[in-house]
Structures are given as structure tokens and as C-alpha cells.
Amino acid sequence: MQVPATFQYEKAASVADALALLARYGPEARVVAGGQSLLPMMKLRMAEPPALVDINGLTELARISVDGDELSIGAIVRHAELLASPVVGEHLPILRDAERLIADPIVRNRGTVGGSLCQADPSEDLSAAFAALRAVLVVEGAGGRRNVAVRQFFTGPYETVVEPGELLVEIRVPIRSHASAYQKVERRVGDWPVAAAGAVLELDRDRVREAGIGLTAVGAAGFVSAEAEDVLRGRPADEEQFAEAGRIAAQHCNPVSDQRGPEDYKRHLAGVLVTRALRKATARSRGEEA
Ligand SMILES: Cc1cc2nc3c(=O)[nH]c(=O)nc-3n(C[C@H](O)[C@H](O)[C@H](O)COP(=O)(O)OP(=O)(O)OC[C@H]3O[C@@H](n4cnc5c(N)ncnc54)[C@H](O)[C@@H]3O)c2cc1C
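Note that the structure is a prediction, hence the values are computed from the model and not measured.

Caption draft 1: Focus on the overall build of the protein chain. A tally of helices and strands in the protein chain yields twelve helices and 13 strands. Principal-axis analysis of the C-alpha atoms gives the protein chain an extent of 55 × 45 × 30 Å. The proportion of buried residues among the 290 residues of the protein chain is 52%. Considering only intrachain contacts with a sequence separation of at least 6, the fraction spanning at least 24 residues in the protein chain is 62%. For the protein chain, the exposed area adds up to about 13,100 Å²; of that, 50% sits on carbon and sulfur atoms. Averaging the locations of the 34 positively and 40 negatively charged side chains of the protein chain gives two centres separated by 3 Å.

Spelled out as C-alpha cells, the structure:
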């Protein structure tokens, strides 16, 4: 039986209370949201925080709402809530596509959007989807709030710009007219991706005004293929460009061989999935989705 080391447990009543508790217990204290990543690590003694600050009672961080031309997603919104949200389904189908394939219903019922981003696992699906969407993450600490572009949020595997004593409180996503889709290959239902790609396109008739290409599990810096985005910008939204963007994305990512597959297979998948995501996003925007 795996048992965590001894720790203090505190249930925060508000964001201010959570920040005060984090300050009181010091830099080794950890926030717990859904606990789907942190608790297994504690049971394996890979993490031994002296104190856990539980943020599950912070209802102000549990909302999905439209604020002007942005969608606001609170940090403790569960995967299952994002999946079920009509406004997400209507405006940001890339998130619905990704959520359908994240883990299983048990993990999705507990795991949170903020916990996923803060865990910063290099195979995380939402990191790639939000990177494609150019989301802005709102981080709060004793000194107030700061906005961080998602592409600057991740500083390395399992590392982000969130400092000890800070909380990720909100994710903000522009909802101007996007075409978007997410494509993933997993070894079996509920597994982490072997590779996955998200595509977001702003189209001007049949040309690409702006593109967002997210990649995960293939060593793409910041979960982005900037090179594929460059190939698409200002060009026709057609099969030839989508194939070229896939080829460039595959060329510029850095997958490693592991139990999910060899490096060359993952690189191949990255290219195929970028092309498929672009094709699906465009078909959706033309009302041609199967
Ligand atoms: C069996 C299984 C399968 C999975 N499959 C997939 C998959 O296919 N794709 C995928 O992308 N993910 C997958 N996951 C990961 C899952 O999505 C994450 O474990 C989970 O959503 C993390 O969120 P959480 O709320 O549980 O975070 P927690 O475990 O509570 O926290 C994770 C980390 O983030 C910190 N943290 C949490 N919230 C905040 C906050 N608001 N501010 C600052 N720090 C915070 C914690 O201190 C901790 O360090 C899987 C997990 C499991 C257990």
C-alpha cells in the first residue's frame, strides 16, 4: 500500500485565504485542486509537501462565463464541466474535442483545468489546446494579479511561471470567429496521447489570416509549432498548405522514444495530426463537418 508522508491539511475559504495559508506554510506548501496528479505523486513519495491548501471550496474559481469577447474559465472548473459547457461547444470546439479524449470519466469529474495547466506534464492535452488558442492565464499572489500569455507560462517539463505562494485563478480565451479542432492518437481509451495536435484558424474568406498550432507529447517548445503557423499565415486554407504545415510541424518537433512509441513514429503522427486538425477545423467553419 502506498501512503503519503504526514502533512497539514487546510481548506481555503476564499482566494485571499488560500494565499494567506500558502504564505503561512511557506514555499514547500502545495495547492490541491482535483488531486489527480498531486495525490498519486504524494503516495509514491515523489512529492512530500508539509501542507496542502485545498482550493475546492473556492466557488469564485468554478465558473465558465462570457466576458465581452472573451471566455473566462475559472481555475477549478472540472474537465467534465468544460466538456459539457454549451458555450465552449459553440465557440471553442477544440476544447470539447480535447476534453472528450482526456483520461476517463472518473479523472474528468475531479481533475481541474487549472490543475492540468499547473502540473505542466509534457503530454498534457489542454496545454496544447490553450496554446493554439493563445489563451491568457491570470495568476494571483500577495502582490495582486498578473496576466501571462499561455505561450510564456511553461518554463520546462512540470514547471511553470507560477511561484510558490501564487495561484492560477482564471484562463481567458478570445472567442472571435475561430475555426478549431483537436486530434489525438492514444494507445487505448483514456490514455495519455502518443501525440496530439490542435489547430485554430482565423479565416478571411478562403485565406488564413492567423493560425494557432498546438502540439503535445512531441517535445514542441511551449506546446506550439510556430514554424507551422508561419507556413499558414496569409496563405490559402487548402489541402496543399495543410499538408505543408504538417510536414513542417513534424520536422521541427522533438519527440523522444518511450513506452508510447519510437521517436520517428511520434514525429510522423505529429505531422499527420496537424494536417487532420486543420482539415477538420476548416470543414467545421464551412458547415461541412461529418
Ligand atoms: C489515469 C489518468 C489519466 C490521465 N490522462 C490524461 C490525458 O489523457 N490527458 C491529459 O492531458 N491529462 C491526463 N491526466 C491528467 C489529468 O488531467 C490531471 O491529473 C488533472 O487534471 C490535474 O488536475 P488536478 O485538478 O487533479 O490537479 P492536482 O493534482 O490537484 O494538482 C496538480 C498540480 O498543480 C498544482 N495546482 C493545482 N491547481 C492549481 C492552481 N489553481 N494554482 C496553482 N497551482 C495549482 C498543484 O499544487 C499540483 O502541483 C490523467 C490523469 C490520470 C490520473
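So, next bit.
Caption draft 2: Quick peek at the side chain of Thr-216. Here Thr-216 is to be found in strand E13 (residues 207-216). When its relative accessible area of 1% is taken as the criterion, Thr-216 is described as buried. A polar contact is formed between the side chain of Thr-216 and the backbone oxygen of Pro-122, at a distance of 3.2 Å. When near neighbours in sequence (up to four residues on either side) are disregarded, Thr-216 contacts Pro-122, Ser-123, Glu-124, Asp-125, Ala-128, Tyr-182, Pro-193, Ala-195, Ala-196 and Phe-223.

Caption draft 3: Structural detail: the pattern of salt bridges. Tallying each qualifying case throughout the model produces 23 salt bridges. Of the charged contacts in the structure, one is a salt bridge between Glu-210 and Arg-134, with a shortest N-O distance of 3.8 Å. With Glu-210 in strand E13 and Arg-134 in the loop between helix H8 (125-133) and strand E6 (136-141), this residue pair connects regions lying 76 residues apart in the sequence. Look at Glu-210 and you get partly exposed, because its relative accessible area is 23%. A relative accessible area of 28% places Arg-134 in the partly exposed class.

Caption draft 4: Quick look at the domain arrangement of the protein chain. According to the domain assignment, the protein chain consists of domain 1 (8-54), domain 2 (59-174) and domain 3 (179-285). Look at where the C-alpha atoms of domain 1 and domain 3 centre, and you get two points 35 Å apart.

Caption draft 5: Seen up close, the sheet that holds strand E5 (residues 70-74). Pairing within the open sheet is antiparallel, and its five strands lie in the order E4-E5-E10-E6-E7. Looking along the sheet, the strands with just one partner apiece sit at the ends: strand E4 (64-67) and strand E7 (144-149). With direction set aside, neighbouring strand axes in the sheet form an average angle of 25°. Two elements, E5 and strand E10 (residues 167-174), share five bridges in a ladder whose sense is antiparallel. For Leu-71, the partnering residue across the bridge sits in E10 and is Val-173.

Caption draft 6: Molecular detail of unusual backbone geometry. In this structure, Arg-205 is a non-glycine residue whose phi angle is positive, near 55°. Mapped onto the elements of the fold, Arg-205 is located in the loop between strand E12 (193-204) and E13. Here Arg-205 falls in the exposed class, since its relative accessible area comes to 78%. In the Ramachandran plot, Ala-217 falls in the positive-phi region, its phi being about 70° despite a non-glycine side chain. Within the secondary structure, Ala-217 sits in the loop between E13 and helix H10 (226-232). Overall, Ala-217 belongs to the buried group, its relative accessible area being 14%.

Caption draft 7: Layout of the site of the ligand. Every one of the 30 residues lining the ligand counts as a neighbour, but Val-31, Gly-34, Ser-37, His-79 and Thr-112 are closest to it. Between the ligand and Gly-35 there is a distance of 2.8 Å, counted from an oxygen atom to a backbone nitrogen or oxygen. Within the side chain of Asp-125, one N or O atom sits 2.7 Å away from a nitrogen atom of the ligand. At the level of elements, strand E2 (30-32), helix H7 (113-119) and E10 are the ones that each hand at least two residues to the shell around the ligand. A total of four residues in the shell around the ligand trace back to one element, the largest contributor, which is H7. Grouping the amino acids of the shell around the ligand by side-chain chemistry returns 14 nonpolar, eleven polar and five charged.

Caption draft 8: Summary view of the environment of Asp-238. Assignment of secondary structure puts Asp-238 in the loop between H10 and helix H11 (239-252). As for Asp-238 and Arg-145, which are separated by 93 residues in sequence, their C-alpha atoms are 41 Å apart.

How each quantity is defined
- Residues numbered from 1 in each chain as written.
- Predicted model: local features only at pLDDT ≥ 70, side-chain atom pairs only at ≥ 80, totals over all residues.
- Heavy atoms only, no water.
- Helix = DSSP H or I, 4+ residues; strand = E, 2+ residues; numbered from the N terminus.
- Buried < 20%, exposed > 50% of the residue type's maximum accessible area, 1.4 Å probe, protein only.
- Contact = heavy atoms within 4.5 Å.
- Areas by Shrake-Rupley, 256 points an atom, 1.4 Å probe, with all protein chains shown as cover.
- Lys, Arg positive; Asp, Glu negative; His and termini not counted.
- Charge placed at Lys NZ, Arg CZ, Asp CG, Glu CD.
- Polar contact = N/O pair within 3.5 Å; in protein donor to acceptor, adjacent residues only side chain to side chain.
- Salt bridge = Lys/Arg side-chain N within 4 Å of Asp/Glu carboxyl O.
- Domains from an automatic or database assignment.
- Pairing = 2+ DSSP bridges.
- Axes fitted to C-alpha atoms, helices over the stretch in contact; angles between N-to-C directions.
- Near = heavy atom within 4 Å.
- Nonpolar A, V, L, I, M, F, W, Y, C, P; charged D, E, K, R; others polar.

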